[in-house]
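A closer look at the structure
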Amino acid sequence: MGIAIVLSLAVFGIASAAPGAHGPNGEHLDAPSSGGTTGLARLPDGSVQVPMLAQRRMAIRTALASESEAHATVELPGRIVMDPNAGGRVQPAHGGRIIPGPAGLPVAGQAVQRGEVLAYVQHHAEPYALASQQSQLAELRSNRELAAKRVQRLQSLEGTVPRKEIEAARAEFESLSAREKSIGASLASREALAAPVAGVIARADAVAGQIVEVRDVLFEVIDPGRVLVEATTADPALAARVGDAFLQGIPGVKLKLLGAARSLRDGVLPLSFRAQAEKAGTPMPVAVGQPVTVVASLNERIKGFVLPAQAVVRNSSNEPIVWIKSGAERYIPQPVQYRALDAATVIVTQGLGADNRVVVQGAPLIAQIR
């Protein structure tokens, strides 16, 4: 009996003295919590206690971090722009008043076909110019009537007058008729605004009765499946090192580098990427003019811990952190430095040690515990 008691105490002592989880710098992480808290709580040392039942309810998942290599990446500011070969603007060549087209005025998001009339612009001349046109039209009408009577008179005398006089009179009548028709049409002329390409209306700024000026942009038509991303950089040599590229926070879209400009614009060089949906036939969740962040992979390789992007969250000081599981119900925040690899993956370059069990799902929920 005494021997059994001695063995039990020895085992208990060994279990109590056994080393627990250690952080990236070898620090002891699973020290007993102070205060005896049993529910969801933020502990005085900044760690968080999450009971097992709450972990299941919050769908928290962890994974062992292991160091690996990945391509280095760079983040570039950019925006979505129209593909000049798959989009266009509709602008009037002359000012006037907007008149709805055969199917009414289109609205943003409406599908249109190439050449489809979207609206008309009814031109209005200045009062003095209009009066001059009307007087010229009246004069031409009078001369045309006189020419018509002269043709009739000469045709009735055919055989007694030279044929060339009849032909000259007929030519003068036809010329006056054409001039009268042309000037008459100009008094009530209107310009048809047609869709330059097939696609959808991305922008519609026309209202019935609106007075527009020359070169006002009334409609923008784009193909939503063909857009470009224009990123900017101050490094002229970056284009030669860029491989694959993605949009940060926008999954399902991949980018292909088309080229880099060779002339600075506002102190930076534009890089043009073609945006494509990873799954053919699916619409891309972007809009023309939308600001985006381009994550471009480089030919260089860096070492670190590859994690899902949702594993990195921000603390109250706006520092990037990951949550390390140090015990069955205890998680500690660990500040890290990281770089994005693509829209859903990051690589932590500093702050993690080998075999840390990192929260890869549910980290934002843990960060909200107070």
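This structure is a prediction, so every number in the text was calculated from the model and none was measured.

**Quick look at the pattern of salt bridges**
- The final tally for this structure, using the stated rule, is 12 salt bridges.
- Residue aspartate 235 pairs with arginine 241 through a salt bridge whose shortest N-O separation is 3.3 Å.
- Using a relative accessible area of 27% as the deciding quantity, one classes arginine 241 as partly exposed.
- For arginine 241, the salt bridge identified is with glutamate 300, shortest N-O distance 2.7 Å. Taken together, the residues arginine 241 in the loop between strand 13 (227–233) and strand 14 (242–247) and glutamate 300 in strand 17 (residues 291–308) connect sequence positions 59 residues apart.
- Residues joined by salt bridges that share partners form a network here, namely Arg89, Arg203, Asp205 and Glu220.

**Thoughts on the confidence of the model for the protein chain**
- The predicted model of the protein chain has a mean per-residue pLDDT of 83, with 87% of residues at 70 or higher.
- Long-range and interchain partners of residues 1–22, a stretch whose pLDDT sits below 50, account for 12 contacts in this model, where long-range means more than four residues apart.
- Here residues 27–35 scores under 50 on pLDDT; set against residues more than four positions off or in separate chains, the count is 22 contacts.

**A few points about the sheet that holds strand 6 (residues 96–100)**
- In spatial order, the strands read 9-8-6-11; together these four strands make up an open sheet with antiparallel pairing. In the strand order of this sheet, the two ends are held by strand 9 (190–194) and strand 11 (211–212), each with one partner.
- For strand 6 and strand 8 (residues 117–122), the ladder comprises four bridges, and the chain directions are antiparallel. Each residue of the ladder has a partner; that of proline 100, found in strand 8, is alanine 119.

**Observations regarding the environment of glycine 88**
- Examined against the element boundaries, glycine 88 turns out to sit in strand 5 (residues 87–90).
- For the pair glycine 88 and alanine 195, spaced 107 residues apart in the sequence, the C-alpha separation amounts to 8.0 Å.
- For glycine 88, the residues in contact, after removing those within four places along its chain, are Met82, Pro196, Val197, Phe219, Glu220 and Val221.

So, how was this worked out
- Residues numbered from 1 in each chain as written.
- Predicted model: local features only at pLDDT ≥ 70, side-chain atom pairs only at ≥ 80, totals over all residues.
- Heavy atoms only, no water.
- Salt bridge = Lys/Arg side-chain N within 4 Å of Asp/Glu carboxyl O.
- Buried < 20%, exposed > 50% of the residue type's maximum accessible area, 1.4 Å probe, protein only.
- Helix = DSSP H or I, 4+ residues; strand = E, 2+ residues; numbered from the N terminus.
- pLDDT = per-residue confidence, 0-100.
- Contact = heavy atoms within 4.5 Å.
- Pairing = 2+ DSSP bridges.

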